[in-house]
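One-letter residues, chain by chain:
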Amino acid sequence: MASRANGQSQASRNGLKGKVLTLDTMNPCVRRVEYAVRGPIVHRALELEQELRQGVKKPFTEVIRANIGDAQAMGQRPITFFRQVLALCVYPKLMSSPDFPEDVKRRAERILQACGGQSLGAYTISSGIQLIREDVAQYIERRDGGIPADPNNIFLSTGASDAIVTVLKLLVAGEGRARTGVLIPIPQYPLYSAALAELDAVQVDYYLDEERAWSLDIAELRRALCQARDRCCPRVLCVINPGNPTGQVQTRECIEAVIRFAFEEGLFLMADEVYQDNVYAEGSQFHSFKKVLTEMGPPYSTQQELASFHSVSKGYMGECGFRGGYVEVVNMDAEVQKQMAKLMSVRLCPPVPGQALLDMVVSPPAPSEPSFKQFQAERQEVLAELAAKAKLTEQVFNEAPGIRCNPVQGAMYSFPRVQLPPRAVQRAQELGLAPDMFFCLCLLEETGICVVPGSGFGQQEGTYHFRMTILPPIEKLRLLLEKLRHFHAKFTEEYS
Ligand SMILES: Cc1ncc(COP(=O)(O)O)c(C=O)c1O
């Protein structure tokens, strides 16, 4: 203590003052956070773009960012109806313009009436505008074939990410072996590992079965749970359906089995359903956990705790930048639900334009309204193109020796497995890189294609993957897939 005091006085005598916040003194949980989707590979992609702009010669003329599920960044056009309503909400003077259909005006008016001072610029209540929560409840009821949803159980959020982290915050408690363990799929969307690291919760990995199209196997869940009980108290089971990065769509039977498992083992269920509109494969269908849970009847329907998440970022709208989303909680303890509302109130409210956008997503134009035809055509076009791109991706990858890709049944990504020659693995190790990171970096340097290494999502030891979005326009995607295939062949030859 004395030497520290002396050190400080010496430092101040010299006019030097050490930083209060350093890597050693900062929150160690934050240091442990990793988020591969925007990790080192993306930083290198940004540098390459800068170099291209400065005229540096490269073997490619543009960097193609197939690393993140951001549809509009890849050229997808916004849905006209959504943007028209938003335009009027943001600038109500346009209400008198003849350029906007009547139903657009009515919709904007309705949203503005529900805002403080009839302005999108006012805070809303923390759980979101009541009218919009009611519209969300009606959407869920329609989606789930009439199963009721209570607006009081719906909380609007800043994208789904915010709601996922909020629910995790409520669940993480205890010390040592009593610390909350959270089961997450591997491969996973790295929001989960990042949030768990930040909250200092225990991550419990359960592996999806690549040999069976990334299906979720209850025996594997049980293995993960039993092993985890030695080091933590598993209390949460997270499921991503349709899957990111793996693109699988769960069957109803699988969902029922997961619910039974969660019930028997006393686990809180978190169902990440942000890709509920993105189902392409024939015979695949989205089943919400809420619907299946309710239809299973008591005790599941009356006791099993569930939080399910949705977002405006994905689907056919891809409105990531508006940061709209919601969580619906089912069978949550009433007192805890109050705590959740309190926690949300600390952040005042989710962005109001995002809330307005969510309202349009959950209550699009009705068939009788003037905007319906165009809305329906735009929606179908995006979804049909995504379905074609999902098929194309699977087909091209599976024609390539050394690459294997499961069907992209849903979501927006392929997660192909690549064989990497032992000399490439060795070279990566010499460079201190994960082998698939080495592959992805070489791919980026040589072709300008930016994909995310499988190691950022988790994978079985000794297997290598990368995640690529299916979002580029179809002709660009075709070119990109061909380039990738050639690069892999060349890489394999070089290191064989
Ligand atoms: C599975 C999954 N959950 C949640 C999110 C977060 O989405 P947002 O916060 O934009 O709603 C994403 C984004 O890619 C995702 O893929």
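Residues numbered from 1 in each chain as written. Predicted model: local features only at pLDDT ≥ 70, side-chain atom pairs only at ≥ 80, totals over all residues. Heavy atoms only, no water.

### So, the pairing of strand E14 (residues 466-469)
To keep it simple, the criterion reads: Classification of residues uses two cut-offs on accessible area relative to the type maximum, computed with a 1.4 Å probe and protein chains only: under 20% is buried, over 50% is exposed, and between them is partly exposed. A run of H or I in DSSP becomes a helix once it reaches four residues, and a run of E becomes a strand once it reaches two; helices and strands are each numbered from the N terminus. Paired strands are those between which DSSP finds at least two bridges.
Of the two faces of E14, the one lined by Phe-466 and Met-468 and the one lined by Arg-467 and Thr-469 are each fully buried. One ladder, built from two bridges, connects strand E10 (residues 413-414) with E14; its direction is antiparallel. Within E14, the position partnered with Ser-414 by the bridge is Met-468. Here strand E13 (residues 452-453) runs beside E14; their pairing, made up of two bridges, is antiparallel. Directly across from Val-452, in E14, lies its bridge partner Arg-467.

### Focus on the packing of helix H7 (residues 159-171) against helix H8 (residues 191-199)
This is how it is decided: Inter-axis angles, ranging from 0 to 180 degrees, are taken between N-to-C directions of lines fitted to C-alpha atoms, where helices are fitted over the stretch in contact. Each angle is binned into one of four classes, with values under 35 degrees roughly parallel, values over 145 roughly antiparallel, values of 65 to 115 roughly perpendicular, and all other values oblique. The sense of a crossing depends on the near helix, which, turned anticlockwise from the far helix by less than a right angle, makes the crossing left-handed and, turned clockwise, makes it right-handed. Residues are treated as being in contact if the distance between any of their heavy atoms lies within 4.5 Å. Any residue that is not Ala, Val, Leu, Ile, Met, Phe, Trp, Tyr, Cys, Pro, Asp, Glu, Lys or Arg is counted as polar, Gly included; the first ten are nonpolar and the last four charged.
Closest axis-to-axis distance for the H7/H8 pair is 11 Å, and the angle between their directions is 40°. Here H7 is positioned oblique relative to H8, judged by the angle of their axes. Two packed elements cross with a definite hand, and for H7 against H8 that hand is right-handed. Residue-level inspection shows Ser-161, Ile-164, Val-165, Leu-168 and Lys-169 of H7 in contact with H8, the latter providing Leu-191, Tyr-192, Ala-195, Leu-196 and Leu-199. Its residues assigned to classes, the contact of H7 with H8 shows eight nonpolar, one polar and one charged.

### Overview of the confidence of the model for the chain
Worth spelling out the cut-off: For every residue, the predictor reports its confidence as pLDDT, a number between 0 and 100.
Here the chain averages 94 in pLDDT, while 97% of its residues score no lower than 70. Residue range residues 1-5 is modelled with pLDDT below 50. Its contacts to residues more than four positions away, or to other chains, number zero contacts.

### Details of the sheet that holds E10
As summarised here, the arrangement of the three strands in space is E10-E14-E13, forming an open sheet in which the pairing is antiparallel. Edge strands, defined here as strands with exactly one partner in the open sheet, are E10 and E13.

### Some details on the nonpolar core
As a reminder, the rule being used: Residues grouped as a nonpolar core are buried Ala, Val, Leu, Ile, Met, Phe, Trp, Tyr and Cys residues, joined through side-chain atoms within 4.5 Å.
Counting 122 residues, the largest nonpolar core has Phe-82, Met-270, Val-327 and Met-468 as its most contacted members. Ignoring any residue separated from it by four or fewer positions in sequence, one finds Val-327 in contact with Asn-153, Ile-154, Phe-155, Ala-163, Val-167, Ala-307, Ser-308, Phe-309, Met-340 and Met-344. The next biggest cluster of nonpolar side chains, apart from the first, holds 34 residues, and it includes Leu-208, Val-239, Tyr-300 and Val-330.

### Observations regarding helix H9 (residues 218-228)
Put simply, the rule reads: Within this analysis, the arc is defined by the directions that extend from the helix axis to the C-beta atoms.
Residues of H9 that are buried include every one of Ile-218, Glu-220, Leu-221, Ala-224, Leu-225 and Ala-228, and no others. All buried residues of H9 project into a common sector of 160° when viewed along the axis, lining one side. Here the buried face of H9 lies against strand E3 (180-186), strand E4 (202-207), strand E5 (233-240) and helix H10 (252-265).

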